[in-house]
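Residue-level listing of the chains:
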Amino acid sequence: MNKNRQRILTETAQLHRTNLRRNLERRLEAAKARGDEHLMRMLEAEANYLG
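Below is a summary of the structure that appears in this document. Think of each chain on its own: its residues are numbered from 1, step by step along the sequence as written. The predicted nature of this model means local features are confined to residues of pLDDT at least 70 and side-chain atom pairs, given and counted, to a pLDDT of 80 or more, with totals for whole chains, interfaces and linings taken over all residues. Side-chain metrics rest on all non-hydrogen atoms present in the structure, leaving aside hydrogens and water.

**Looking at helix α2 (residues 37-50)**
Okay, so step 1: Secondary structure is summarised from DSSP: a helix means a run of H or I of at least four residues, a strand means a run of E of at least two, and numbering begins at the N terminus for each. By definition here, a helix of n residues has an expected span of 1.5 Å times n minus one. Taking 1.5 Å of rise per residue, the 14 residues of α2 would be expected to cover 20 Å, and the 20 Å separating its terminal C-alpha atoms lies within 8% of that figure.
Okay, so step 2: Remark: exposure states derive from per-residue accessible area (1.4 Å probe, protein chains only) relative to the maximum for the residue type, with buried under 20%, exposed over 50%, and partly exposed in between. Listed as buried for α2 are Met40, Leu43 and Leu50. Buried residues in α2, looked at end-on, bunch into an arc of 80°, giving them a common side. In α2, those exposed residues whose orientation departs by more than 90 degrees from the buried face are Arg41, Asn48 and Tyr49.
Okay, so step 3: The first or second residue beyond α2 is Gly51, which carries a positive phi of 90°. Directions are taken from the helix axis to each C-beta atom, and the arc is the one they span.

So this is what it looks like as structure tokens:
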């Protein structure tokens, strides 16, 4: 695999992870606003899984 392709794949993976974290944070804030403790715990577990 050439270096340019590898760089693109790495950048895409990083962007995907950033988007997942951003989306998760938005979902967590919405759960907090609703006072949904169960969903908050599930989302916090998902955050731990993502790292």
